[in-house]
Structure formats: C-alpha cells, structure tokens
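A structural walkthrough
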Protein chains: 2
Amino acid sequence: MSSSYSNYTNSPCAACKFLRRKCTSDCVFAPYFPPEEPTKFANVHRIFGASNVSKILQEVAPHQREDAVNSLAYEAEARLRDPVYGCVGAISVLQRQVLGLQRELEETNADIMRYASSLGGESTSVYRGRRG
Amino acid sequence: MSSSYSNYTNSPCAACKFLRRKCTSDCVFAPYFPPEEPTKFANVHRIFGASNVSKILQEVAPHQREDAVNSLAYEAEARLRDPVYGCVGAISVLQRQVLGLQRELEETNADIMRYASSLGGESTSVYRGRRG
C-alpha cells in the first residue's frame, strides 16, 4: 500500500475525482492514484481507459500493483508525448545504443589484441582480464 | 496504405469482425488490421480499447498510422505477457545493458591508457583513434 493511501480518507482519489464517483474504502484505484497527482490518472485513463486499468490491477498481485500502475503511467505519458511510437520509440533508441556500444567494445578489444600481438603478445592479459 | 488493405474488400477487417460491425470502405481500422491477423486487433483492443486506438489513429498523420498501430500492437503484446511491467520491463533491461556496456568500455579504454603510459605513451593513438 502506498504512503499516499492515508490521504485518501480525507478526499476522493484522483481516479474517483476524475470519474466523478464516490471513492469507497475498497476503491481499487485509491492506493495508487492519490488526489495530489491528478495527471497520473488522467493520462492512463486517456490511453488505456479506466476499465482496462482496473482489469490489469485485478490481474496483478497486490504487492505488484504499484509497479503496474507506475509502468502504465510511464507508457501513457510516452504515448501522449509521441502518439506514433510511444515508449516503443525509447526501446528502438536503446537497442541502437546497445548495438553501437557492443560494436565499439568489440573494436576496442580488437585494437588491444592487435596492439598486444604487435608487441609480442605480452599484453593479452589486459584483454583477458576484462572478460574474466 | 498497407498491402493488406486490398484484402479488406473481400471480408471485414479483423477489428470489424471482432466488434461484430459492418466494415465500410472508410473504416479507420481496415488498412492496419487485416482479417488474417485477428490476434493483433484482439490484443490492442484488450489493452487500449477500440475507441482509444481509433482516437490515436485520428491524431496521427495517415502515413504514420501503420507505425502507430504496430507500436500499439507491440505494447499490447508486451503488457499481456507481463501485466506488471509491460514493455517498460524491456526499457529497464536495455537501460541496465547500456550502463553495463558503457562501464565496460570505459574500463577497457582505461586499460589501454594505463598500458600505453606504462610503455611510454607510444600507443595512445589506439585510444584516440576510437573516439575520433
């Protein structure tokens, strides 16, 4: 249960306020959508819909619900910022970055090997130490 | 317009078939949800809802709609596979991979520098060449 849940007793959660409904003590949204973060719910509602978010929360174990809500909020924000690619755009950028770094590392290691062999092989421990 | 759009004239698109409605010639889903890929629509419908997908498609320029649908389908599939983290899980894994590779590359470059300076600095061109 998030620390913001205690606030809920005083005012309806951001979801119930947005949906203009009574926020009851068993509200599935209240622990994860505190009233002081109205945009968080507005975003996930706009991209996934309240009913789908509720369904996903029911499917997930209680101790994982906060992570589920935060990942949904992250995805929703990314989709609102970039309606074409959403957070899949970030995945493409990161995949390219991984490939670039792997290539650079291979080239750097090849340089060490080349350099070491030109000096008679005495420095190969530099390369081997890194992989071990 | 995707190549599968030509198939649509013969049978309703996967979205209209799923929603049990008539598939008209101006159907917003038809070009991107061919009847032979029923799971693609079922997945995005389950996670985002048909109405939200339609809204996102309307917001996006026609030449970007295929990319938008494919990224929505990717996100929906990831969320069905992992209801807690969805494709945000892939982002975390890739971010950790990038940090690990950057660290490894820095260490390898530091090794080269250390090794070069122990030999009197003659090999620093190996390191500098990589960055240039």
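Residues numbered from 1 in each chain as written. Chains lettered and ligands numbered in written order. Predicted model: local features only at pLDDT ≥ 70, side-chain atom pairs only at ≥ 80, totals over all residues. Heavy atoms only, no water.

Interfaces are often sized by the accessible area lost when the parts come together. On the chain A side, the residues contacting the 45 residues of chain B number 45 residues. Carbon and sulfur atoms make up 62% of the area that chain B and chain A hide from each other, which totals about 4,200 Å². At the junction of chain B and chain A, the tally comes to 4 salt bridges. The closest approach of N and O atoms between A:E59 and B:R46, which form a salt bridge, is 3.9 Å. Summed over the shared surface of chain B and chain A, the number is 10 residue pairs in polar contact (both at pLDDT 80 or more). For the side of chain B that touches chain A, the secondary-structure elements that each account for two or more residues are α2 (38-47), α3 (50-59), α4 (65-81), α5 (88-118) and α6 (124-131) of chain B. In terms of residue count, the dominant contributor to the side of chain B that touches chain A is α5(B) (17 residues). (Contact = heavy atoms within 4.5 Å. Buried area = accessible area lost by both parts, 1.4 Å probe. Salt bridge = Lys/Arg side-chain N within 4 Å of Asp/Glu carboxyl O. Polar contact = N/O pair within 3.5 Å; in protein donor to acceptor, adjacent residues only side chain to side chain. Helix = DSSP H or I, 4+ residues; strand = E, 2+ residues; numbered from the N terminus.)

In this structure, A:F29 and B:F29 are the most contacted members of the largest nonpolar core, which totals 49 residues. Looking at this core, the elements with two or more residues in it are α1 (14-19), α2 (38-47), α3 (50-59) and α4 (65-81) of chain A together with α1 (14-19), α2, α3 and α4 of chain B. The element that contributes the greatest number of residues to this core is α4(B), accounting for 5 residues. The next biggest cluster of nonpolar side chains, apart from the first, holds 14 residues, and it includes A:C87, B:A78, B:I91 and B:L94. (Core = buried A, V, L, I, M, F, W, Y, C linked by side-chain atoms within 4.5 Å. Buried < 20%, exposed > 50% of the residue type's maximum accessible area, 1.4 Å probe, protein only.)

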